[in-house]
Amino acid sequence: MRNLLLSTVTLVAVPVASFASSNFFADNLTTPIELKSISQLNKAYKTAGVCFLTDSDCHPVGGFSFSSNSDGTNETFDLDTIAQCLNEGFSKLNCNSVQEAEGVCPYNSAYGRGCKCSPGLISCSAGQVGVGESCDGKYASCKCDPNLKACSSKEVGQGASCGGRYESCVCKSEYQYTSSNCTYPRSVSGDECSGKYTNCVCPTGVSSTPYGCEEYYPAPCSSVCKIAYPDNCHKRTDNTSTYGCMKYWDDCKSKCETPYKDNCRNHTAVTCQYGCASYFADCQSKCEKCKTDN
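Cut-offs used in this document
Residues numbered from 1 in each chain as written. Predicted model: local features only at pLDDT ≥ 70, side-chain atom pairs only at ≥ 80, totals over all residues. Heavy atoms only, no water. Helix = DSSP H or I, 4+ residues; strand = E, 2+ residues; numbered from the N terminus. Buried < 20%, exposed > 50% of the residue type's maximum accessible area, 1.4 Å probe, protein only. Contact = heavy atoms within 4.5 Å. Areas by Shrake-Rupley, 256 points an atom, 1.4 Å probe, with all protein chains shown as cover. Salt bridge = Lys/Arg side-chain N within 4 Å of Asp/Glu carboxyl O. Pairing = 2+ DSSP bridges. Disulfide = S-S within 2.5 Å. Core = buried A, V, L, I, M, F, W, Y, C linked by side-chain atoms within 4.5 Å.

Draft legend 1. Region of the structure containing the overall build of the protein chain. When its secondary structure is counted, the protein chain shows two helices and 17 strands. Across the 294 residues that make up the protein chain, the buried fraction comes to 20%. Restricting the contact set of the protein chain to residue pairs at least 6 apart, pairs at least 24 apart contribute 19%. Summed over all atoms, the accessible surface of the protein chain reaches about 19,600 Å², with 49% contributed by carbon and sulfur.

Draft legend 2. Layout of the pattern of salt bridges. Applying the stated criterion across every chain, the model contains seven salt bridges. The residue Asp250 makes a salt bridge to Lys247 at a minimum N-O spacing of 3.7 Å. Judged by its relative accessible area of 61%, Asp250 falls in the exposed class. Taking the relative accessible area as the measure of exposure, Lys247 reaches 35% and is therefore partly exposed. A salt bridge links Glu257 to Lys247; the nearest nitrogen and oxygen atoms lie 2.6 Å apart. Placement of Glu257 in strand β15 (residues 252-259) and of Lys247 in strand β14 (residues 245-249) is noted, with a sequence separation of 10 residues between them.

Draft legend 3. Here's a closer look at the sheet that holds strand β3 (residues 91-92). One open sheet holds the three strands; their spatial order is β3-β5-β4, and the pairing between them is antiparallel. Each edge of the sheet is formed by a strand with only one pairing partner; in this case those strands are β3 and β4 (99-104). In terms of strand pairing, β3 meets strand β5 (residues 111-117) through two bridges, oriented antiparallel. Paired with Ser91 across the bridge in β5 is Gly112.

Draft legend 4. Spatial organisation of the environment of Thr268. Tracing the sequence through the fold places Thr268 in the loop between β15 and β16 (276-280). The contact partners of Thr268, leaving out residues within four places of it in the chain, are Phe280, Lys286 and Cys287.

Draft legend 5. Highlighting the pairing of β14. In the sheet, β14 pairs with β15 via four bridges, with the strands oriented antiparallel. When the sheet's bridge partners are listed, Lys247 is paired in β15 with Thr258.

Draft legend 6. Highlighting the state of the cysteines. On inspection of all chains with the given rule, the structure shows 15 disulfides. With a sulfur-sulfur separation of 1.9 Å, Cys182 is cross-linked through a disulfide to Cys200. Disulfide Cys182-Cys200: the torsion about the S-S bond is 95°, which places it as right-handed. With Cys182 in the loop between β9 (165-171) and β10 (187-193) and Cys200 in strand β11 (residues 196-201), the pair connects residues that are 18 residues apart, well separated along the chain.

Draft legend 7. Spatial organisation of the environment of Tyr279. One can find Tyr279 in strand β16. Look at Tyr279 and you get partly exposed, because its relative accessible area is 41%. Remark: the alpha-carbon pair of Tyr279 and Ala269, spanning 10 residues in sequence, is separated by 8.4 Å. Each residue touching Tyr279, except ones within four places of it in the same chain, is listed here: Gln284, Ser285, Lys286, Cys287 and Glu288.

Draft legend 8. How the structure looks around the pairing of β10. Here β10 runs beside β11; their pairing, made up of five bridges, is antiparallel. When the bridges of β11 are listed, Ser187 appears paired with Val201. With antiparallel pairing between neighbouring strands as the criterion, β10 and β11 make up a hairpin whose turn holds two residues, including Ser194 at a positive phi of roughly 50°.

Draft legend 9. How the structure looks around unusual backbone geometry. Of note, the amide linkage connecting Tyr184 to Pro185 takes the cis form, showing an omega dihedral of 10°. Looking at the secondary structure, you find Pro185 in the loop between β9 and β10. Residue Thr209 is joined to Pro210 through a cis peptide bond whose omega torsion reads 0°. Position of Pro210 among the secondary structure elements: in the loop between β11 and β12 (213-216). Positive phi outside glycine occurs at Ser194, with the angle close to 50°. Along the chain, Ser194 turns up in the loop between β10 and β11.

Draft legend 10. Spotlight on the environment of Cys256. Along the chain, Cys256 falls in strand β15. Owing to a relative accessible area of 3%, Cys256 belongs among the buried residues under this scheme. Residues Cys256 and Met246, spaced 10 residues apart in sequence, show a C-alpha to C-alpha distance of 7.5 Å.

Draft legend 11. Up close: the nonpolar core. Listed in full, the six residues of the largest apolar core are Leu79, Cys85, Phe90, Cys105, Tyr107 and Tyr111. Non-local contacts of Phe90, meaning those with residues more than four positions away in its chain, are made with Cys85, Gly103, Val104, Cys105, Pro106, Tyr111, Gly112 and Arg113.

Here it is as structure tokens:
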């Protein structure tokens, strides 16, 4: 019976000598005992501590410590708030900047049942990150994710966005041609974005005038001349002759337009007094031998 329950009753200290009087209990215990909760004890002022008469000294009980006056009477007590909070199941709180205490110990606000999120916290949307500490994934404020990218005028943003910046950037749809989908004889051209181009065009080709095209590019560029005729020989007939060519075509110097009909150009006719005895075999208009007499 050494542990006196102090959490429910406030007692008044009485000098030991008073118990000698046979009328003590009759005189004093007829007064109603005032009950107080332990939560009010920290507000008490100079309330007497109580110990059994057999105790040689008062020791801390249930979180209380007692002090005695010089005359040996108990006069005041001090509440050990930490011990009392721990005794009642509270624990030391370590709430962060966006939390507040929940179930605070009435003796010491540093102790309680736990921490809960402060009101007014917000969830950051995609493309944002929280500022400072969090509670259950919520923050006091949000800002744009610094890892977001700023897209160029040739690109469009994709994914999460914030403040005009995006999770990723891709080239606009007009940038669609690469060497893999623009093959020979065509080639990529136009504006470029990350190795993609706006156009896929056929070669410029060569002019086929005035003699036409000798070779065209394959489809889809079959209308573009790859090799033009250098002259018009493909349309000219070579009028060959045993005696050579008198005149070549103006638009085809390798083919004869007018051949020599004989070899007279290579023979010199003789002058005969009595007439011509024989003519050149390849030039019947020139005399080869004269008659010797008439």
